[in-house]
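Examination of the molecular architecture
Here's the letter readout for the chains.
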Amino acid sequence: MNQTVRVRFAPSPTGALHIGGVRTALYNYLFARKTGGKFLLRIEDTDQARFVPGAEEYIQEALAWLGISPEESPWHPGDCGPYRQSERKPMYMQYALDLIEKGHAYYAFDTAEELEAMRERLTAARVVSPQYNSITRTQMKNSLTLSEDEVKARLAFGEPYVIRIKIPRKEEVRLHDMIRGWVVVHSSTLDDKVLMKSDGMPTYHLANIVDDHLMKITHVIRGEEWLPSAPLHVLLYRYLGWEDTMPQFAHLPLLLKPDGNGKLSKRDAEKQGFPIFPMDWKDPVTGETAMGFREAGYLPEAVLNFLAFLGWNPGDERELFTLDELVEAFSIERIGKSGTKFDINKAKWYNEQYLREKTDAELGAFLKADIEKDGLGISEDKAAKIAHIMKDRVTFPQDIWRDSKFMLIAPTTFDQEVASKKWNQEAVSVLTQYMEELEGFTEEFSPEAAKALLEKAAETTGFKLGKVMQAVRLAVTGLGGGPDLMAVFSILGKEELAKRIKFALETLSIQS
RNA sequence: GGUCGGUUCGUCUAGGGGUUAGGACGUAUCCCUUUCACGGAUAAAACACGGGUUCGAUUCCCGUACCGACUACCA
């Protein structure tokens, strides 16, 4: 009875993996690790028309980037393969046939046109939601209405057909959801869903039940959008004779638009300029690229932490969790019921937190790469130093170079506003004196030394240092604000500093 | 329309028959600081509504409203 937990993430390879899907994968992963179970991935590619090249690889890479790779998957098969439904195609028909034999399913030969006609007829008769169900099936072309001989003949002729489930007329279907409790649905509201399509492939409904059973899945953790079809799934387990090993269900709250209402979509992301996919995705058909968290500069640990908290919380007041800590703290009971709006600000905050935990060397390496992309060069040591003074002031790694360009590129122009307000004779005097001090200085040019020297210059000229600091910064960086100036001086070095001050003195003095 | 689900600060949420309804993001102010940021502090900010049950309801029950999902030979 104490069977090993086995959970699965079952995406459809129809494009980039949506961030909501990533969260579903994460919760599955967390639950598996928390319970000492297995996390597997199954590709649900029963709709061949919607197959998108590259989508599978994208899913694999995205999970790997976040560090939540499945233990069993098409790429690392376990004992329950294949892990692609298209490759499991031969396995499904026998179960559909079994259902027909037991009287829980039937063949249907209706063409698309006939189905459309049926819907139109019902709509005209003021039926609000036309369904293929216990009433309408009596008027359609299927093995319930056709004679046995005719059904055999049609089958023998190779006429296209589907297999539909025969939903009982009136019966209460109950299911227990780990998040929502008991959900009761009346079978009269269900329709006779197609189980096997005319192309010989199963639909999601049949395939997921058969596969979950065969793969010994113990818990189905998926999005709330599946809740309405869950009763159908329960019926399928029952009719197939698998009810006693039916997995437990947990339907996750949906990820909603940041403003207004509705499910989070790609459009929202584009409109507001934030990513909604784990990584960049180039649509092979349209050639358009959708932005990903990875390329936008989000760290995987930040994305993980952010996603985990979208619909779940540990029950205490901690906010920062590593993957291992999430595993430790996770429980399905603490998943909320209501939909969650997607707030990118929170993601940015998480990113800042994790960015600051990076070492100067790590961030320095990143900075160095950015600098080299711009055709410039820098030593590792110097890059690390710049990273050090910058990392508390940025959200993304790439912001470091964006906001520290002045460290490598001497200013040629100066912030006009600051110049007009702060550049004056006092600053010119102090700076002129500072250059002299610099010339005679031979020890190591540390931030402390830079400061001592500057204080000396101020003292010599008789001006308050505080009054001219802004002007000094302006002279050296061209800007009105930035990281600790003395650290900047030290990294710049004496010679570069003197050069910049000289240029500023020449350029700025003229205009003021 | 029908079925199902949901509803605590702007957002993510804790809590739960009697609380000053707690935290985080964001916002504002102050402190720190030669600037900016970081950090620290403070503030504004919520139980959708109506009925019950109860001494007492935000919490339990029932309605209503609102929001969402689903309603394909898609998943």
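All of the points below concern the structure found in this document. (Residues numbered from 1 in each chain as written. Chains lettered and ligands numbered in written order. Predicted model: local features only at pLDDT ≥ 70, side-chain atom pairs only at ≥ 80, totals over all residues. Heavy atoms only, no water.)

**What about the overall build of chain A?**
How we decide: Under the scheme used here, helices are H or I runs from DSSP no shorter than 4 residues and strands are E runs no shorter than 2 residues, and both carry numbers assigned from the N terminus. Buried residues are those whose accessible area, probed at 1.4 Å on protein chains only, stays under 20% of the maximum for their type, while exposed residues exceed 50% and partly exposed ones sit between those limits. Only heavy atoms matter for contacts: two residues are in contact if any of them lie within 4.5 Å across the pair. The method behind every accessible area is Shrake-Rupley, applied with a 1.4 Å probe, and residues are considered shielded solely by the protein chains displayed. Note that His is not counted, nor are the chain ends; the positive residues are Lys and Arg, and the negative ones are Asp and Glu. The location of each charge is read from NZ of Lys, CZ of Arg, CG of Asp or CD of Glu.
Each helix and strand counted, chain A has 21 helices and 13 strands in total. Seen through its C-alpha atoms, chain A measures out along the principal axes to roughly 110 × 50 × 35 Å. Out of the 512 residues belonging to chain A, those deemed buried represent 50%. Intrachain contacts of chain A at a sequence separation of at least 6 include 72% that bridge at least 24 residues. Approximately 24,400 Å² of chain A is accessible, and the part contributed by carbon and sulfur atoms is 51%. Computing the positive centroid from 64 side-chain charges and the negative centroid from 76, chain A places the two 4 Å apart.

**Examining the environment of Ala450**
Locating Ala450 in the fold gives a position in helix H18 (residues 447-461). In this structure, the C-alpha to C-alpha distance between Ala450 and Ser490, residues 40 residues apart in sequence, is 6.6 Å. Beyond its immediate chain neighbours, meaning those up to four positions away, Ala450 contacts Tyr434, Phe445, Met486 and Phe489.

**Remarks on the pattern of salt bridges**
Where we set the bar: Basic side-chain nitrogens of Lys or Arg form a salt bridge, by our definition, when they fall within 4 Å of a carboxyl oxygen of Asp or Glu.
Throughout the structure, instances matching the rule amount to 39 salt bridges. Here Asp192 and Arg137 are joined by a salt bridge, their closest N and O atoms 2.6 Å apart. A residue pair is termed long-range when its members are at least 10 positions apart, and Asp192 in the loop between strand S6 (181-186) and strand S7 (194-196) and Arg137 in the loop between helix H4 (112-124) and helix H5 (148-156) qualify at 55 residues. For the pair Asp192 and Arg137, one class covers both residues: buried. Among the salt bridges present, the one from Lys499 reaches Glu496, with a minimum N-O distance of 3.7 Å. Remark: Glu496 and Lys499 occur in helix H21 (residues 494-511); sequence separation between them is 3 residues, near one turn of the helix. The exposure class assigned to Glu496 is partly exposed, which follows from its relative accessible area of 22%. Taken together, the salt bridges that share partners define one network made up of Arg8, Arg42, Glu44, Arg88, Asp211 and Asp212.

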